[in-house]
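Residue-level listing of the chains:
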Amino acid sequence: MAVADAGLPVAVVTGANRGIGHEVVRQLAHRHHRVVLGARDLAQGQAAAARIDPGGESVTAVELDVSDEASVTAMAEWATRTLGRVDVVVNNAAILYDTWAQARSADLGEVQRALDTNLFGAWQVTQALLPLLRRSPHPRVVMVSSEGGSLHSMSGGTPAYSVSKAALNALTRLLAGELRGQRILVNAICPGWVATDMGGPGGRPVDQGAAGIVWAATLPDDGPTGGFYRDGEPVPW
């Protein structure tokens, strides 16, 4: 991908070589975004990008491990040097839906690994790209969360995943408040139970789950910020 056309918004999507992230890339590209497809394995990312955009005109894969500070820094430097802009950040990368675990006996090493990706990964990607977002005429940050992180409905189980998503929701509120004056809209989105490798069989189609994320990524300037949504409707915190 050459230096971005000044007329086309640029979106960075993390954890995007498969599942919801891959579909978000597809939908944003269809909506005339230049999309940076982040993947821990570059070869898998390139294959995923080619499935959406064989000519490489609108989707480019980059190696990105959100839990690795050096990887995040390298991606941000590449985006600055090569594209010169970022308008949308979709923090989709997530791990460890620990259905086998209980908080009372959880492996805290597993909890730490979930936090490193699901919370701190999104945090450092957003921080790294903030200088570019501040230059954008319509900056958006989307945290791909889960109702599993809603304190309103939390009752036990999946401790690593639930705690990491609850913390991601808190980060959403903090960033939204701090960045409101800079016109950066920050929202958390629950895609619902989606039939992906993490969600498992029986969930809703991937394109339906991704649509709510794309909605938040393409909000108008007077759209909401600091909210938690599924399919454009509020989810209790």
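How each quantity is defined
Residues numbered from 1 in each chain as written. Predicted model: local features only at pLDDT ≥ 70, side-chain atom pairs only at ≥ 80, totals over all residues. Heavy atoms only, no water. Pairing = 2+ DSSP bridges. Helix = DSSP H or I, 4+ residues; strand = E, 2+ residues; numbered from the N terminus. Contact = heavy atoms within 4.5 Å. Axes fitted to C-alpha atoms, helices over the stretch in contact; angles between N-to-C directions. Buried < 20%, exposed > 50% of the residue type's maximum accessible area, 1.4 Å probe, protein only. Right-handed = clockwise from strand over helix to strand, strands pointing away. Core = buried A, V, L, I, M, F, W, Y, C linked by side-chain atoms within 4.5 Å. Phe/Tyr/Trp six-rings, centres within 6.5 Å; stacked < 30°, edge-to-face > 60°.

Draft legend 1. Quick peek at the sheet that holds strand β8 (residues 233-234). A sheet is described by the order of its strands in space; here eight strands give the open sequence β3-β2-β1-β4-β5-β6-β7-β8, paired in mixed fashion. Of all the strands in the sheet, just β3 (59-63) and β8 have a single pairing partner and so form its edges. Looking at chain direction, strand β6 (residues 185-189) and strand β7 (residues 228-230) are connected through two bridges and run parallel. From the neighbouring strand, A188 faces β7, where its bridge partner is F228. Contacting β1 (10-13), β2 (34-39) and β3, helix α3 (residues 69-83) crosses the sheet at an angle of about 145° to β3.

Draft legend 2. Spotlight on the pairing of β6. In terms of burial, β6 is largely enclosed, as five of its five residues are buried. Relative to β6, strand β5 (residues 140-144) runs parallel, the two sharing five bridges. Paired with V142 across the strands is N187, a residue of β6. In this fold, the crossover linking β5 to β6 by way of helix α5 (residues 159-179) has right-handed handedness.

Draft legend 3. Expanded view of unusual backbone geometry. The residue H32 is not glycine, and still its phi comes out positive at about 65°. With respect to the secondary-structure elements, H32 resides in the loop between α1 (19-30) and β2. In this structure, T158 is a non-glycine residue whose phi angle is positive, near 40°. With respect to the secondary-structure elements, T158 resides in the loop between β5 and α5. Since its relative accessible area comes to 14%, T158 is described here as buried.

Draft legend 4. Expanded view of the nonpolar core. Grouped together as the largest cluster of nonpolar side chains are 40 residues, with contacts concentrated most on V86, L129 and M143. Those elements that place two or more of their residues in this core are β1, α3, α4 (108-135), β5, α5 and β6. For this core, the leading source of residues is α4, giving ten residues. By size, the runner-up hydrophobic cluster in this structure holds 28 residues, among which are V13, I20, L37 and A48.

Draft legend 5. Quick peek at the environment of A167. Along the chain, the position of A167 falls in helix α5. A sequence separation of 150 residues divides A167 from N17, and the C-alpha atoms of the two residues are 25 Å apart.

Draft legend 6. The arrangement of the packing of aromatic side chains in detail. On inspection of all chains with the given rule, the structure shows four aromatic pairs. Between the aromatic rings of Y97 and Y161, the centroid separation amounts to 5.0 Å while the plane-to-plane angle is 80°, which identifies the pairing as edge-to-face. Within this pair, whereas Y97 is found in the loop between β4 (88-91) and α4, its partner Y161 is found in helix α5, the two being separated by 64 residues in sequence. Overall, the relative accessible area of 8% leaves Y161 in the buried class. Between the aromatic rings of F120 and W123, the centroid separation amounts to 6.2 Å while the plane-to-plane angle is 10°, which identifies the pairing as stacked. Note that F120 and W123 are positioned in helix α4 at a spacing of three residues, about one turn of the helix.

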